[in-house]
Structure formats: structure tokens, C-alpha cells
Amino acid sequence: EDIPTSPLVSLLYRKQTSYLNQKLKDMDLSSGLYPLLVKTYRKGKISQEELAEEIHINESTVTRNLDKLEKKGLITKTPEKRKKIISVTDKGAEIAQKIMDYDEEWDDIIKKGLNDEEYENFKITLIKICEDLV
């Protein structure tokens, strides 16, 4: 059909966010916190600046959201020279792993109507678009 791509991407994002929010409702986490926690978990340790750059959000938003994660006991901030190094606590690691598991479940949901080749092409295309935009 003659539908612009942005409403489709928006719908996919909103559905995935709703799915994660439902799965993680008992953990009192907003969807804006998920990427920070998972990226930090995957990196082991990361500076606030690197985190902002890798997730493509401004540093003030990162700072505000990291404060929320720290208050929940999910991350720690360690001053190192002129940077704050972020790492995930044991509790944060457990939740980050759950988020990643739910992300895999979500991928399984969106794969249902696609064969393996269609899904891989879809993913490759999304990656190319995102790389061109950043």
C-alpha cells in the first residue's frame, strides 16, 4: 500500500515498548531505561559519554535516566579521572538479562509471518537505514 515508512516504524516501536512494559511491569522500569541498562550490561563498564553516543540520546537524558537506575540499585557510577564509569549491579544484571530474553521473544513474535530469509533481509535493511541516519 501507499503508506509512508514512519507510521510503520512507529507502530512497531510502540508495540515492542508495550510488550516490554507488560513483561517488566513488576520491576518499575520505564521503557527509556531499558536501553541504558542493557547496553551497560553488554559492555561491562562504560562512560556516560560513550553510553549517550552509542544509544544516540543526549547526555542530559542519559544522566537523568542513570540517576533513576542508580536509585533502583541497578547500576553504580564510579568517578574515574574526569568521567563517570557506569557498571551494572547483580540486580541490574538479572533484569538486563530478562530484558534481553524478552527482546528475543519479541523477535520470535515478529518472525511468525516471515520466513528466515525475509526476516534476515528485514533486519539487514533496518540496520542499513539506521547506519545511514547516524
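Not measured: the values here are computed from a predicted model.

Calculation criteria
Residues numbered from 1 in each chain as written. Predicted model: local features only at pLDDT ≥ 70, side-chain atom pairs only at ≥ 80, totals over all residues. Heavy atoms only, no water. Axes fitted to C-alpha atoms, helices over the stretch in contact; angles between N-to-C directions. Helix = DSSP H or I, 4+ residues; strand = E, 2+ residues; numbered from the N terminus. Parallel < 35°, antiparallel > 145°, perpendicular 65-115°, else oblique. Contact = heavy atoms within 4.5 Å. Nonpolar A, V, L, I, M, F, W, Y, C, P; charged D, E, K, R; others polar. Phe/Tyr/Trp six-rings, centres within 6.5 Å; stacked < 30°, edge-to-face > 60°. Buried < 20%, exposed > 50% of the residue type's maximum accessible area, 1.4 Å probe, protein only. Lys NZ or Arg CZ within 6 Å of the ring centre and 35° of its normal. Patch = residues over 30% accessible without salt bridge, like charges linked within 9 Å, V, L, I, M, F, W, Y side chains within 5 Å. Areas by Shrake-Rupley, 256 points an atom, 1.4 Å probe, with all protein chains shown as cover. Salt bridge = Lys/Arg side-chain N within 4 Å of Asp/Glu carboxyl O. Lys, Arg positive; Asp, Glu negative; His and termini not counted. Charge placed at Lys NZ, Arg CZ, Asp CG, Glu CD. Pairing = 2+ DSSP bridges.

Asks: How should I be thinking about the packing of helix H2 (residues 34-43) against helix H5 (residues 90-111) in this particular structure?
Replies: The angle between the axes and the distance between the axes are what describe a pair of packed helices. Interhelical geometry of H2 versus H5 gives an angle of 110° and a closest axis separation of 9 Å. By the criterion of interaxial angle, the relationship of H2 to H5 is roughly perpendicular. In contact with Tyr34, Leu37, Val38, Tyr41 and Arg42 of H2, H5 contributes Gly92, Ala93, Ile95, Ala96, Gln97, Ile99 and Met100. In terms of residue class, the contact of H2 with H5 is made up of 9 nonpolar, 2 polar and 1 charged.

Asks: What is the right way to read the packing of aromatic side chains from this model?
Replies: Describing an aromatic ring pair means giving the distance of the ring centres and the angle of the ring planes. On inspection of all chains with the given rule, the structure shows 1 aromatic pair. Judged by centre distance (5.4 Å) and plane angle (45°), the ring pair of Tyr19 and Trp106 falls under tilted. On the criterion of sequence distance, the pair formed by Tyr19 in helix H1 (residues 5-23) and Trp106 in helix H5 is long-range, its members being 87 residues apart. For the pair Tyr19 and Trp106, one class covers both residues: buried. The side chain of Lys111 reaches across the aromatic face of Tyr119, ending 4.8 Å from its centre.

Asks: Where do I start with a negative patch on the surface in this structure?
Replies: Together, Glu49, Glu50, Glu53 and Glu59 line one region of the surface with negative charge. Looking at the secondary structure, you find Glu53 in helix H3 (residues 48-55).

Asks: Looking at this model, I keep getting lost on the pattern of salt bridges. Mind explaining?
Replies: Enumeration over the complete set of coordinates arrives at 7 salt bridges. The closest approach of N and O atoms between Asp28 and Lys72, which form a salt bridge, is 2.9 Å. Taken as a pair, Asp28 in the loop between H1 and H2 and Lys72 in the loop between helix H4 (59-71) and strand E2 (75-80) lie far apart in primary sequence, 44 residues in all. For Glu70, the salt bridge identified is with Lys77, shortest N-O distance 3.8 Å. Taking the relative accessible area as the measure of exposure, Glu70 reaches 33% and is therefore partly exposed.

Asks: Explain the pairing of E2 to me, please; I cannot follow it from the model alone.
Replies: Both faces of the sheet carry side chains from a regular strand, because those side chains alternate between them. Here E2 runs beside strand E3 (residues 83-88); their pairing, made up of 6 bridges, is antiparallel. When the sheet's bridge partners are listed, Pro79 is paired in E3 with Lys84.

Asks: Where do I start with the environment of Lys84 in this structure?
Replies: Turning to its location among the elements, Lys84 is positioned in strand E3. The class for Lys84 is partly exposed, based on a relative accessible area of 41%. On a C-alpha basis, the gap between Lys84 and Glu70 in space is 13 Å, while along the polypeptide they are 14 residues apart. Apart from the residues within four sequence positions on either side, Lys84 is in contact with Ile46, Ser47, Gln48, Lys77, Thr78 and Pro79.

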